[in-house]
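Each chain is listed here by its residues.
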Amino acid sequence: MAQILLMNPNSNARVTAAMCAIAARALPAAPVGWTAPRGPQLIVTPKALRLAAQEVATADLPLWPDAIIVSAFGDPGADRLALRAPCPVLGIGAAAARAASRAGTTFAVATTTPSLSPQIDTLMRRHAGGGRYLGCYCSQDEPAALMSDQTALDAALLGCIEKAHADGAEHVIIGGGPLGEAAERLRDKSPATLINPILCAAREVANELGSGHD
């Protein structure tokens, strides 16, 4: 059976386990998790994104898997890691943009990191092809505080989703690997179709390896 490695550029092992559980829904078996040995528990600034990219790009992996998922929405280090990896390397942000583009409708991103909006916009436009990207809708609350309060997090994200939908977004990407659980909680409450980037990347990996599951 193919071995998939899910890399968490955040240094939070609990989040790694949660993201692996989500990815497993679209894979024959749960991926092996890797948690960044250094850096912040949450990537919320361009500097943190750059540091995370360095961690991923230079990661010392004892054995190469059959595929790698970089599970932070800015895809830090994914392109650089792909240059030396003998296997496919997929970032969840790029995978979500491709999924939104295939849907053929207007889409937006809802997230909790306004400081990363320029990077998110660039990533979406780079990988969305002909998709109609409306922009990044961000909560203005402090990201770490939201992550520690599930009720507040869900309310903040739902507010962003509703604004994006009011502006014409038919699909909304929940922009963050650590937000994967929130994406699933909000799926039935959202006025727009939600896209979970972790599942998008897992489905691409499964299709590429010929082992579609979800």
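All values derive from a computational prediction rather than experimental measurement. (Residues numbered from 1 in each chain as written. Predicted model: local features only at pLDDT ≥ 70, side-chain atom pairs only at ≥ 80, totals over all residues. Heavy atoms only, no water.)

A. A look at the pattern of salt bridges. Inspection of every chain in the model, using the stated rule, returns 8 salt bridges. When the shortest N-O distance is used, the salt bridge between Glu-204 and Arg-102 registers 4.0 Å. Taken together, the residues Glu-204 in helix 9 (residues 197-208) and Arg-102 in helix 4 (residues 92-103) connect sequence positions 102 residues apart. Salt bridges here are not isolated pairs; linked through shared partners, they connect Arg-25, Glu-184 and Arg-187. (Salt bridge = Lys/Arg side-chain N within 4 Å of Asp/Glu carboxyl O. Helix = DSSP H or I, 4+ residues; strand = E, 2+ residues; numbered from the N terminus.)

B. Up close: the pairing of strand 3 (residues 67-70). Along strand 3, one buried face is formed by Ala-67 and Ile-69 and the opposite face, lined by Ile-68 and Val-70, is buried too. In this sheet, strand 3 lies alongside strand 1 (residues 4-8) in parallel orientation, the contact comprising 4 bridges. From the neighbouring strand, Met-7 faces strand 3, where its bridge partner is Val-70. Bridging between strand 3 and strand 4 (residues 89-91) involves 3 bridges; their strand directions are parallel. Within the sheet, the bridge partner assigned to Val-70 lies in strand 4 and is Gly-91. (Buried < 20%, exposed > 50% of the residue type's maximum accessible area, 1.4 Å probe, protein only. Pairing = 2+ DSSP bridges.)

C. Structural detail: helix 2 (residues 46-57). Taking 1.5 Å of rise per residue, 12 residues should cover 16 Å, and helix 2 covers 16 Å from first to last C-alpha, within 8% of that figure. Of the residues making up helix 2, those classed as buried are Ala-48, Leu-49, Ala-52, Ala-53, Glu-55, Val-56 and Ala-57. At its buried positions, helix 2 is contacted by strand 1, strand 2 (32-35), strand 3, helix 3 (78-84) and helix 5 (117-127). (Expected span 1.5 Å × (residues − 1). Contact = heavy atoms within 4.5 Å.)

D. Quick peek at the sheet that holds strand 2. Pairing within the open sheet is parallel, and its 4 strands lie in the order 2-1-3-4. Edge positions in the sheet fall to strand 2 and strand 4, since each has one partner strand and no second. On average, each strand axis in the sheet is inclined to that of its neighbour by 20 degrees, with strand direction left out of account. (Axes fitted to C-alpha atoms, helices over the stretch in contact; angles between N-to-C directions.)

E. Structural detail: unusual backbone geometry. Not every positive phi belongs to a glycine, and Asp-75 is a case in point at roughly 55 degrees. Residue class for Asp-75 comes out buried when judged on its relative accessible area of 11%.

F. Main features of the packing of aromatic side chains. Counted under the stated rule, the structure contains 1 aromatic pair. Note on Phe-107 and Tyr-133: the rings are 5.2 Å apart at their centroids and 40 degrees apart in plane angle, and the pair reads as tilted. You can see Phe-107 sitting in strand 5 (residues 106-111) and its partner Tyr-133 sitting in strand 6 (residues 132-138), a full 26 residues away along the chain. Neither Phe-107 nor Tyr-133 differs from the other in exposure class; each is buried. (Phe/Tyr/Trp six-rings, centres within 6.5 Å; stacked < 30°, edge-to-face > 60°.)

G. Representation of the nonpolar core in the model. Grouped together as the largest cluster of nonpolar side chains are 43 residues, with contacts concentrated most on Ile-69, Val-109, Ile-120, Met-124 and Ile-173. Element by element, the count of residues in this core is highest for helix 9, at 7 residues. With residues up to four places along the chain from it excluded, the contact list for Ile-120 reads Phe-73, Val-109, Thr-111, Thr-113, Tyr-133 and Cys-136. Counting residues in hydrophobic clusters, the runner-up holds 20 residues, among them Ala-108, Ile-161, Ile-174 and Ala-192. (Core = buried A, V, L, I, M, F, W, Y, C linked by side-chain atoms within 4.5 Å.)

H. Structural view of the sheet that holds strand 7 (residues 171-174). The strand order across the open sheet formed by 4 strands is 6-5-7-8, and the pairing between neighbours is parallel. If you trace the sheet from one side to the other, it starts and ends with strand 6 and strand 8 (193-195), each paired once. Along the sheet, successive strands turn relative to each other by an average axial angle of 25 degrees, direction set aside. Strand direction decides the pairing type here: strand 7 and strand 8, joined by 3 bridges, are parallel. The residue of strand 8 that forms the bridge with Val-172 is Leu-194. Sitting on the sheet, helix 4 is in contact with strand 5, strand 7 and strand 8, with an inclination near 170 degrees to strand 7.

I. Geometry of the pairing of strand 1. Of all the 5 residues making up strand 1, 5 are buried; the element is thus mostly covered by neighbouring parts of the structure. Going residue by residue along strand 1, you find Ile-4, Leu-6 and Asn-8 tucked away on one face and Leu-5 and Met-7 tucked away on the opposite face as well. Strand direction decides the pairing type here: strand 1 and strand 2, joined by 4 bridges, are parallel. What sits directly across from Leu-6, in strand 2, is Gly-33. Chirality of the crossover, the property in question, places the unit of strand 1, helix 1 (residues 13-23) and strand 2 among those that are right-handed. (Right-handed = clockwise from strand over helix to strand, strands pointing away.)

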